[in-house]
Amino acid sequence: SDLAAHQDRVEQIAAIAQELNALDYWDSAAVNTRCQKICDQWDRLGTLTQQRRTGMDEAEKVLERVDSLHLEFAKRAAPFNNWLDGTREDLVDMFIVHTLDEIQGLIDAHAQFKATLGEADKEFNAIITLIRDCETFAKQYNVPGATINPYTNLTGKDVESKWNEVKTLVPQRDQTLQDELKKQQNNEALRRQFAEKSNQVGPWIERQMDAVAAIGMGMQGSFEEQLSRLRDYEEAVYQFKPHLEELERINQQIQESFVFENRYTQYTMETLRVGWEQLVTSVNRTINEVENQILTRDSKGITQEQLNEFR
């Protein structure tokens, strides 16, 4: 606008010089030289002004592009950074499981998470590309301060560092879950092993208790026959003891593995120990009672039927 205001003056000078030439002014050569110099300077000023305007337009476009890259980075980096923070916490989160189903659930969830890493990697690369494009612009057009983002305190190094940490933590989490899976598989095998054995030992002890109790009633045969059967039971109990010892060994492994529940059996090692001690005590007590009855019968000269009636 300032140049336009002076355009008329330049044109007036040129018109005056032309009029002087038309009047054959004696010093027209000097006037023409002076006029040409003014016109040349005016044209040069116009050219420089246009070049300046073009340069400023280009600089504005560069700055707009840099600002656009900064804004896009801030808009995409912020949620991605939050996702990275949450993901890192999840990958190092401690967990406590007690069954195969529980650890399998964690493994399935981790597999679903890993399926999203491809998209996350694309987003990471897109964010890093924004940073590189901005740095390229800053270097190419020598834009001071172009690497400082006014929209966020996050930097490309922050995002890259966290992303690399996540990629490191993922296989570590895989290994942790697989280790826990093996542990739960071992625990499950121990449960089944204990249940299979205890479901044999428990009913066997109960049957022996019932049989010994029936003999203790004194209604099954002579005293000698009862004592013979009791001796057989005593021997059977002695022969059966290795089964209980095997259960103790399995139970020791279960305790060391911190397995507290077993849905495959109603028996626990404590109930089996108590049942076993009761069986041994019952056999010994009943044998002692029958032997005393035989001594009483023989020393007093009374019959077994009389003893039974007395009892």
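The structure contained in this document is the topic of the report that follows. (Residues numbered from 1 in each chain as written. Predicted model: local features only at pLDDT ≥ 70, side-chain atom pairs only at ≥ 80, totals over all residues. Heavy atoms only, no water.)

As a further point, take helix α6 (residues 223-256). Helix length check: α6 (34 residues) gives 48 Å between terminal C-alpha atoms against 50 Å at 1.5 Å per residue, within 8%. At F240, α6 shows its maximal kink, close to 35 degrees; a proline, P242, follows between one and four residues later. By the burial criterion, the buried members of α6 are F223, Q226, L227, L230, V237, F240, L244, L247, I250, N251 and I254. Taken from the residues just after α6, F258 is the one with a positive phi, measuring 60 degrees. (Helix = DSSP H or I, 4+ residues; strand = E, 2+ residues; numbered from the N terminus. Expected span 1.5 Å × (residues − 1). Bend = angle between axes of the 7 residues up to and from the residue. Buried < 20%, exposed > 50% of the residue type's maximum accessible area, 1.4 Å probe, protein only.)

The next point concerns the pattern of salt bridges. Summed over all chains, the structure comprises 16 salt bridges. A salt bridge links E291 to R231; the shortest N-O distance between them is 2.5 Å. Taken as a pair, E291 in helix α7 (residues 269-300) and R231 in helix α6 lie far apart in primary sequence, 60 residues in all. Taking relative accessible area as the criterion, R231 reaches 36% and is therefore assigned partly exposed. Of the charged contacts in the structure, one is a salt bridge between R273 and E248, with a shortest N-O distance of 2.7 Å. Here R273, found in helix α7, pairs with E248, found in helix α6; they are 25 residues apart in sequence, far enough to count as distant. Connected through shared salt-bridge partners, D85, R88, K162 and E165 make up one network. (Salt bridge = Lys/Arg side-chain N within 4 Å of Asp/Glu carboxyl O.)

In this section: the nonpolar core. The biggest cluster of nonpolar side chains holds 26 residues, and the ones touching the most others in it are F194, V201, W204, L272, W276 and L279. When contributions to this core are tallied by element, the ones reaching two or more residues are α5 (156-216), α6 and α7. No other element matches α6, which puts 9 residues into this core. Excluding anything up to four places from it in sequence, W276 contacts W204, I205, V237, F240, K241 and L244. If you look at the next biggest cluster of nonpolar residues, it comprises 25 residues, including L84, L130, V159 and V166. (Core = buried A, V, L, I, M, F, W, Y, C linked by side-chain atoms within 4.5 Å. Contact = heavy atoms within 4.5 Å.)

Our focus in this paragraph is the packing of aromatic side chains. Per the counting criterion, the structure on display carries 7 aromatic pairs. Note on F80 and W163: the rings are 5.9 Å apart at their centroids and 45 degrees apart in plane angle, and the pair reads as tilted. Residue F80 is located in helix α2 (residues 28-92), and its partner W163 is located in helix α5; the two are separated by 83 residues in the primary sequence. Taken individually, F80 and W163 each receive the classification buried, so the pair is uniform in this respect. A ring pair is formed by W204 and F240, whose centres lie 3.8 Å apart and whose planes are at 5 degrees; its orientation type is stacked. (Phe/Tyr/Trp six-rings, centres within 6.5 Å; stacked < 30°, edge-to-face > 60°.)

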